[in-house]
Amino acid sequence: NGLPYTATKQDIVAHFKDCCDVEDMAVRIVFDKATRRSKGVAFIDMPNTDAMNAACALHQSTFAAEDGSKRPINVRPVSNSIRNRENTRGPHVSA
């Protein structure tokens, strides 16, 4: 968590692009149901544990959104039991 509220999927993919192939990554940004604004949280599905560990190594890295906003983000692994959905492909991290 800690993403700028203006962060897009493209911004998130760009930040984590060195962790795995972009095509193997799925990003879901969490939005407030009432306002439809980002909550500053995203879940990123990674293809394998190595990619997840590489993503976790970006904990407290500076995230830069396309609109110029920058801030350190928190990256942590998320249990498969918590995010157990049919559309998920592998280990997950939240940012």
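Residues numbered from 1 in each chain as written. Predicted model: local features only at pLDDT ≥ 70, side-chain atom pairs only at ≥ 80, totals over all residues. Heavy atoms only, no water.

Trainee: Got a minute to help me understand the overall build of the protein in this structure?
Mentor: Across its full length, the protein holds two helices and six strands. Within the protein, the proportion of its 95 residues that are buried is 42%. Of all intrachain contacts in the protein linking residues separated by at least 6 positions in sequence, the fraction that spans at least 24 positions is 53%. Carbon and sulfur atoms provide 47% of the accessible area of the protein, an area that totals close to 5800 Å². (Helix = DSSP H or I, 4+ residues; strand = E, 2+ residues; numbered from the N terminus. Buried < 20%, exposed > 50% of the residue type's maximum accessible area, 1.4 Å probe, protein only. Contact = heavy atoms within 4.5 Å. Areas by Shrake-Rupley, 256 points an atom, 1.4 Å probe, with all protein chains shown as cover.)

Trainee: I keep staring at the pairing of strand β1 (residues 26-31) and nothing clicks. Help me out?
Mentor: Walk down a regular strand and you will see the side chains alternate between the two sheet faces. Across five bridges, the pairing between β1 and strand β2 (residues 38-45) is antiparallel. Across the sheet, residue Ile 29 finds its bridge partner in β2, namely Ala 42. Counting the residues between successive antiparallel strands, the hairpin from β1 to β2 contains six residues, one of them, Arg 36, with a positive phi of roughly 60°. (Pairing = 2+ DSSP bridges.)

Trainee: Quick question: what am I supposed to make of the nonpolar core here?
Mentor: Nonpolar side chains in soluble globular proteins tend to end up buried together. Core analysis: the largest hydrophobic core is formed by 22 residues, its most contacted members being Ile 12, Phe 16, Met 25, Val 27, Ile 44, Met 46 and Val 93. Where this core is concerned, the elements lending two or more residues are α1 (9-16), β1, β2 and α2 (49-56). Here the element with the most residues in this core is α2; it accounts for four residues. (Core = buried A, V, L, I, M, F, W, Y, C linked by side-chain atoms within 4.5 Å.)

Trainee: Even after reading the chapter, I still don't get α2, so can you show me in this structure?
Mentor: Owing to its 3.6 residues per turn, the α-helix aligns residues three or four sequence positions apart on the same side. Considered for burial, the residues of α2 that qualify are Ala 51, Met 52, Ala 55 and Cys 56. Summarising the axial view, the buried residues of α2 lie within an arc of 140°, below the 170-degree limit, and thus occupy one face. The opening residue of α2 is Asn 48, an N-cap whose side-chain oxygen sits 3.1 Å from the backbone nitrogen of Asp 50. (Arc of directions from axis to C-beta. Polar contact = N/O pair within 3.5 Å; in protein donor to acceptor, adjacent residues only side chain to side chain.)

Trainee: Would you mind showing me how to read α1 here?
Mentor: Within α1, the full set of buried residues consists of Asp 11, Ile 12, Val 13, His 15 and Phe 16. Packing partners of the buried residues in α1 comprise β1, β2, α2 and β3 (62-64).

Trainee: Looking at this structure, I do not really get the pattern of salt bridges. What am I missing?
Mentor: Side chains that differ in sign of charge can pair as their charged atoms come close. Per the stated rule, a full pass over the model turns up one salt bridge. In this structure, Asp 45 engages Arg 28 in a salt bridge whose closest nitrogen and oxygen atoms are separated by 2.7 Å. One end of the pair, Asp 45, is in strand β2; the other, Arg 28, is in strand β1, with 17 residues separating them in the sequence. An identical accessibility class is assigned to Asp 45 and Arg 28; each is buried. (Salt bridge = Lys/Arg side-chain N within 4 Å of Asp/Glu carboxyl O.)

Trainee: I tried to follow the side chain of Ser 38 on my own but got confused; where do I start?
Mentor: Position of Ser 38 among the secondary structure elements: in strand β2. On the basis of relative accessibility, which here comes to 12%, the residue Ser 38 falls in the buried class. There is a polar contact of 2.9 Å between the side chain of Ser 38 and the backbone nitrogen of Gly 40. With residues near it in sequence (within four places) discarded, Ser 38 still touches Tyr 5, Ile 29, Val 30 and Phe 31.

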